Amino acid sequence: MSSKPAAAVQKMFFREAIARAVREEMRDNPNILILGQDVGRFGGSYREFDGLFEEFGAERVRDMPVAEAAMVGVGVGAAAAGLRPLVSITYMDFMMLGFDPLINYGAKLRYKTGGQLTAPVVVKTTAGAKGQGVAHSQCIEAWLMSVPGLRVVVPATPADAYGLGKTARRADGPGGEVDHKRLFPVAGEVPIEEVAVPCGSARICRPGTDLTITTHSFMVRTALEAAKLLEKDGVSAEVIDLRSLAPLEMKTIVDSVGRTGRLLTLEEGQITTGVGAEIVTRVIEHLGPVEFTRVGALPAPISSNRILEAACLPDANRVAAAARLLQIPKNIVSSYGR
């Protein structure tokens, strides 16, 4: 019996995978342009646009003022006029300055015009903590996933940064691409062939039988570390990388929780009205009551102090501890609380 040959891959950094996807799409579609701070000769704040200015020039790779509302407004307007802008917001904390044009105009345009107009703009931003303090460290992607008409992709690997990025830039409506700053120097295998990853396709990173962990972006790495710790205790954790939050693919999650009987949601953002809260609700709607717990950042601003920052964020030990509690029968857990 002959087996299908493995797809050819090349190893590259997360930031390089982003640049490759953008470069290929810009070569194929002259309507794609980049707007943002330091995206030109500098190549992006995390060098995720390296080489694009040299190839496509200042007309298609445009440095913009430090005015996020204006950048997103120009991007949404240009998209409505037929272009396909990629608007780069260096820190997700400042993306909220562009919420008015992105949400009230871009995401609603198809609905307001009966499908006659769309705004195929992608707002790409960087989230997560890395020693930069309260105004440069937030993960607020849960805010975006509630907006009708707006796609939200959250890649965790170089392959998905490449594949999801291509999908986002080909879509007809607006979208948000959220990249975690700790992932830019991470290396991984990316297909040599041009392959787009569809939105709404969760991926099982590690199979397991006792517990389902759902997560996204940099927290996928944390979940996998926690799964190794749990394995030493005889607990088999299945880890699911969501890959996109809108659309949110539930079949993979529901099937997994249906098998394992337990659910732990993990995110770097807040658990109050967070991604995990939505997942738990939808799982219960499908399966009825299940044992679950949610893990996220502590309810405090992210400190500039590295020790306090680490104390606020989820890590593998905290995730493993929460997972172990899920293995304890309910009557024993209740006695702990008395």
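Look up a bit, the structure's there.
A. Quick peek at helix H12 (residues 316–326). Among all positions in H12, only Ala-316, Val-319, Ala-320, Ala-322, Ala-323 and Leu-326 are buried. Viewed end-on, H12 has its buried residues packed into an arc of 160 degrees, placing them on one side of the element. Each element contacted by the buried residues of H12 is listed here: strand E10 (211–215), helix H8 (219–232), strand E13 (262–266) and strand E14 (291–295).

B. How the structure looks around the pattern of salt bridges. Evaluation of the coordinates by the stated rule reveals 21 salt bridges. In this structure, Arg-23 engages Glu-55 in a salt bridge whose closest nitrogen and oxygen atoms are separated by 3.4 Å. With a gap of 32 residues between them, Arg-23 in helix H1 (residues 14–28) and Glu-55 in helix H2 (residues 52–56) connect regions that are remote in the sequence. According to the relative accessible area criterion, Glu-55 is partly exposed, its value standing at 36%. Across the pair Asp-179 and Lys-124 runs a salt bridge, and its minimum N-O distance is 2.9 Å. With Asp-179 in strand E7 (residues 175–180) and Lys-124 in strand E5 (residues 122–127), this residue pair connects regions lying 55 residues apart in the sequence. Taking relative accessible area as the criterion, Asp-179 reaches 0% and is therefore assigned buried.

Rules of the game
Residues numbered from 1 in each chain as written. Predicted model: local features only at pLDDT ≥ 70, side-chain atom pairs only at ≥ 80, totals over all residues. Heavy atoms only, no water. Buried < 20%, exposed > 50% of the residue type's maximum accessible area, 1.4 Å probe, protein only. Helix = DSSP H or I, 4+ residues; strand = E, 2+ residues; numbered from the N terminus. Arc of directions from axis to C-beta. Contact = heavy atoms within 4.5 Å. Salt bridge = Lys/Arg side-chain N within 4 Å of Asp/Glu carboxyl O.

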